[in-house]
Amino acid sequence: MSTENTQKVTETLARLADAADADAVEAIRIEALGKQGWISALLKTLGKMTPEERQEQAPAIQAMRAQVADAIAARKAELEAAELEARLATETLDLTLPAPTSPKGSVHPVSQVMDELAEIFADLGFAVATGPEIEDDWYNFSALNMPESHPARAMHDTFYFPDTAPKGGKMLLRTHTSPVQVRTMLDTVKRNPGGAPVRIIAPGRVYRSDSDATHTPMFHQVEGLVIDKDIHLGHLKWTLETFLKAFFETEDIVLRLRPSYFPFTEPSVEVDVGFEIVDGKRVLGGSGDAPGHGWMELLGSGMVNRRVIEMSGLDPDEWQGFAFGVGVDRLAMLKYGMDDLRAFFDGDTRWLNHYGFSHLDQPTLSAGVGAKA
Ligand code: DAH
């Protein structure tokens, strides 16, 4: 090994020690070990030597290459560590700064109320049933004792499709959740040819061509249906009372049952609930006949008409039942104090942020059914 080369190595190591940054180190590497580098040139000379010469010189040249390569790697690591050290010394992370907020979704009051309804009626042994929103006029009307040309059909402001329904008649957007009654009974008979008890609620969207502060073309109803043997109006009244007490989370609910008319129930009753005017607002509670009180119409119900039971394939001499239908949006407005139905479906996130519910605390019912019973 020539002293010239030894000197070159010493010089390279000294320059490396002085190299201030990664670029300087890279320049030195290229000079020594790059394609045209002086150590690379020395390595190439090995090929032209005799075996003896090579045996003598190769170890020294290889050692030189290794020494310089190691020094380069070491200096690189040193510089990187110093750079990281410097960055850590100057950079600070303030953990007390507020984190950037990401938009949070909320549960729509209608979904919240539907969940509450499912919860309450589950406690009473009701299952949740569903049916199609695009309905056949047989299920929506005829099977519910509203044959074609029945005047009650005209009261529903129905959206019709041009298509012909499988049973004749027209396809339509269901105007109420009552067709789910028929579907559920037919399905029950299919699975139990002699009939079987039914206890369902059917929440869902319904459609009518109507729009003002208290009507939207799409709204929500929940239907209730109980079919069994020896069912009477007392069962209906108890069920509604129990449901409304649990839903409004108060024992102070007074109902008034008024005779009414629905084609699918006989007798039919309109159910009113007593309220009091407090600071100009209606607050549920007390008899509507008390001073400062009034009655508010809440829902329609009745004993399922024999003809509907028959139409659904059950024997009306054996099976009776009651049914009810109530507006879910209306229940939500009453419980949570919202006054314009249209705002429910505007999709304004400010409204939802105000009236919506957290995913974490739903349903909000503080007590289940019969908590005080
Ligand atoms: N389907 C009726 C409506 O939309 C509401 C209703 C009334 C449903 C009485 C019922 C019932 O099940 O028994 O106006």
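Since the structure is predicted, the reported quantities are computational estimates derived from the model, not experimental observations.

What counts and how
- Residues numbered from 1 in each chain as written.
- Predicted model: local features only at pLDDT ≥ 70, side-chain atom pairs only at ≥ 80, totals over all residues.
- Heavy atoms only, no water.
- Axes fitted to C-alpha atoms, helices over the stretch in contact; angles between N-to-C directions.
- Helix = DSSP H or I, 4+ residues; strand = E, 2+ residues; numbered from the N terminus.
- Parallel < 35°, antiparallel > 145°, perpendicular 65-115°, else oblique.
- Contact = heavy atoms within 4.5 Å.
- Nonpolar A, V, L, I, M, F, W, Y, C, P; charged D, E, K, R; others polar.
- 1 Å grid on protein atoms, 1.4 Å probe; cavity = no way out; pocket = protein on both sides within 12 Å on 5 of 7 lines; lining within 4 Å.
- Points joined across faces, edges and corners; volume = space filled by probe spheres on them.
- Salt bridge = Lys/Arg side-chain N within 4 Å of Asp/Glu carboxyl O.
- Buried < 20%, exposed > 50% of the residue type's maximum accessible area, 1.4 Å probe, protein only.
- Domains from an automatic or database assignment.
- Near = heavy atom within 4 Å.
- Polar contact = N/O pair within 3.5 Å; in protein donor to acceptor, adjacent residues only side chain to side chain.
- Sits in = over half its atoms within 2 Å of the grid points.

1. With respect to the packing of helix α5 (residues 109-123) against helix α11 (residues 328-336)
Angle between the axes and distance between the axes: these two values describe a pair of packed helices.
Thought 1: Put simply, α5 and α11 touch, their axes get as near as 9 Å, and they point 95° apart. Classified by the angle between their axes, α5 and α11 sit roughly perpendicular to one another. Seen from α5, the contacting residues are Pro109, Val110, Gln112, Val113, Met114, Glu116 and Leu117; seen from α11, they are Val328, Asp329, Leu331, Ala332, Lys335 and Tyr336.
Thought 2: Considering only residue class, the contact of α5 with α11 consists of nine nonpolar, one polar and three charged.

2. A short note on the layout of surface pockets
Thought 1: In this structure, the largest pocket occupies an estimated 1500 Å³ of space.
Thought 2: Surrounding the largest pocket, 48 residues form its lining, Glu297, Leu298, Leu299, Gly327 and Arg330 being those nearest its centre.
Thought 3: Those elements that place two or more of their residues in the lining of the largest pocket are β6 (218-228), β7 (255-262), β8 (265-278), β9 (281-284), β10 (293-304), β11 (320-327) and α11.
Thought 4: The element that contributes the greatest number of residues to the lining of the largest pocket is β10, accounting for six residues.
Thought 5: Of the residues contributing to the lining of the largest pocket, the split by class is 21 nonpolar, 15 polar and twelve charged.

3. Focus: the pattern of salt bridges
Thought 1: Going through the model one piece at a time under the given rule, you end up with 18 salt bridges.
Thought 2: Linking Arg15 and Glu31 is a salt bridge whose minimum nitrogen-to-oxygen distance equals 2.8 Å. Linking Arg15 in helix α1 (residues 3-18) with Glu31 in helix α2 (residues 22-33), this pair joins segments that are 16 residues apart in sequence.
Thought 3: The exposure class assigned to Arg15 is partly exposed, which follows from its relative accessible area of 31%.
Thought 4: If you follow the salt bridges from partner to partner, you end up with Arg256, Arg258, Asp272 and Glu297 in one network.

4. Some details on the domain arrangement of the protein
Thought 1: Taken domain by domain, the protein holds domain 1 (3-90) and domain 2 (109-355).
Thought 2: Taking only C-alpha atoms into account, the centre of domain 1 sits 87 Å from that of domain 2.

5. Some details on the site of the ligand
Thought 1: Taken together, the neighbourhood of the ligand is formed by 15 residues, with His176, Ser178, Arg208, Gln221 and Glu223 sitting nearest.
Thought 2: Side-chain polar atom of Arg208 to an oxygen atom of the ligand: 2.9 Å apart, as the coordinates give it.
Thought 3: Between the ligand and the protein, one listed contact pairs an oxygen atom with a side-chain N or O atom of Gln221 at 2.9 Å.
Thought 4: Using a 2 Å cut-off from the grid points, one finds that the ligand occupies the largest pocket.
Thought 5: When contributions to the shell around the ligand are tallied by element, the ones reaching two or more residues are β6, β10 and β11.

6. A closer look at unusual backbone geometry
Note: most peptide bonds trans; most residues except glycine with negative phi.
Thought 1: A cis amide bond, omega 0°, links Glu266 with the succeeding residue Pro267.
Thought 2: Along the chain, the position of Pro267 falls in strand β8.
Thought 3: Although it is not a glycine, Asp157 sits at a positive phi angle of roughly 45°.
Thought 4: Inspection of the secondary structure puts Asp157 in the loop between α7 (151-154) and β3 (160-164).
Thought 5: Asp157 gets classed as partly exposed once you look at its relative accessible area, which sits at 36%.
Thought 6: A positive phi angle is found at Asp279, which is not glycine, with a value near 50°.

7. Examining the side chain of Ser40
Thought 1: Its location among the elements puts Ser40 in helix α3 (residues 38-45).
Thought 2: Of note is the side chain of Ser40, whose polar atom sits 2.7 Å from the backbone oxygen of Gly34.
Thought 3: Among all residues touching Ser40, those that are not within four sequence positions of it are Ala32, Leu33, Gly34 and Lys35.

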